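Okay, here's what each chain looks like letter by letter:
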Amino acid sequence: MGHISLYDAKTHLSGLVDRAAAGEEFVIAKNGVPMAKLVPLPKVTAPRTPARALGVTRIAPDFDDPDPQIEALFAGGDPHDGPDRGTDR
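Values in this document were obtained by computation on a predicted structure and should not be read as measured data.

**Things to note about the overall build of the protein chain**
Looking only at helices and strands, the protein chain features 3 helices and 3 strands. For the protein chain, the sequential pattern of α-helices and β-strands runs β-α-α-β-β-α. The buried share among the 89 residues of the protein chain stands at 16%. Partitioning the contacts of the protein chain with sequence separation of at least 6, the portion at a separation of at least 24 is 18%.

Here it is as structure tokens:
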């Protein structure tokens, strides 16, 4: 594990990150006192799986469709004149 000064770490950060990604570890010192450690992250081998932490099990097919009321606001119109007028949307 290499020790490097904070000044040198700032100057050569891109190269240090490349070396860390290749498996090297570095201790970064400020005024000779170790302050941080630069280590490689583990390789991601599988796609992330949702945790369902909020209990969301289904997403409606139109969840990201534009909202006519919001579009009316951006166009300078009255959002209550849109097709959803009178609904609680």
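**Concerning unusual backbone geometry**
Despite not being glycine, asparagine 31 shows a phi value in the positive range, around 55 degrees. Here asparagine 31 shows up in the loop between strand S2 (26–30) and strand S3 (33–38).

**Details of the pairing of S3**
In this structure, S2 lies alongside S3, joined through 5 bridges in antiparallel fashion. Residue pairing in the sheet places isoleucine 28 in a bridge with alanine 36 of S3. If you look at the hairpin formed by S2 and S3, you'll find 2 residues sitting between the two strands, and asparagine 31 has a positive phi there, around 55 degrees.

**A short note on a nonpolar patch on the surface**
A surface patch of nonpolar side chains, about 480 Å² in accessible area, is lined by Leu54, Val56, Ile59 and Phe63. Along the polypeptide, leucine 54 turns up in the loop between S3 and helix H3 (68–75). On the basis of relative accessible area, leucine 54 is assigned to the exposed category, the value being 79%.

**Brief notes about H3**
Measuring from the side-chain oxygen of the N-cap residue of H3 to the backbone nitrogen of glutamine 69 gives 2.9 Å; that N-cap residue is aspartate 67. A positive backbone phi angle near 90 degrees is found at glycine 76, which sits one or two residues after H3.

**Brief notes about the sheet that holds S2**
Across the sheet, which stays open at both edges, the 3 strands sit in the order S1-S2-S3 with mixed pairing between neighbours. Here the strands that pair on one side only, and so sit at the sheet edges, are strand S1 (2–5) and S3. Strand-to-strand twist in this sheet, taken as the mean axis angle between neighbours without regard to direction, amounts to 35 degrees.

Rules used throughout
Residues numbered from 1 in each chain as written. Predicted model: local features only at pLDDT ≥ 70, side-chain atom pairs only at ≥ 80, totals over all residues. Heavy atoms only, no water. Helix = DSSP H or I, 4+ residues; strand = E, 2+ residues; numbered from the N terminus. Buried < 20%, exposed > 50% of the residue type's maximum accessible area, 1.4 Å probe, protein only. Contact = heavy atoms within 4.5 Å. Pairing = 2+ DSSP bridges. Patch = residues over 30% accessible without salt bridge, like charges linked within 9 Å, V, L, I, M, F, W, Y side chains within 5 Å. Areas by Shrake-Rupley, 256 points an atom, 1.4 Å probe, with all protein chains shown as cover. Salt bridge = Lys/Arg side-chain N within 4 Å of Asp/Glu carboxyl O. Polar contact = N/O pair within 3.5 Å; in protein donor to acceptor, adjacent residues only side chain to side chain. Axes fitted to C-alpha atoms, helices over the stretch in contact; angles between N-to-C directions.

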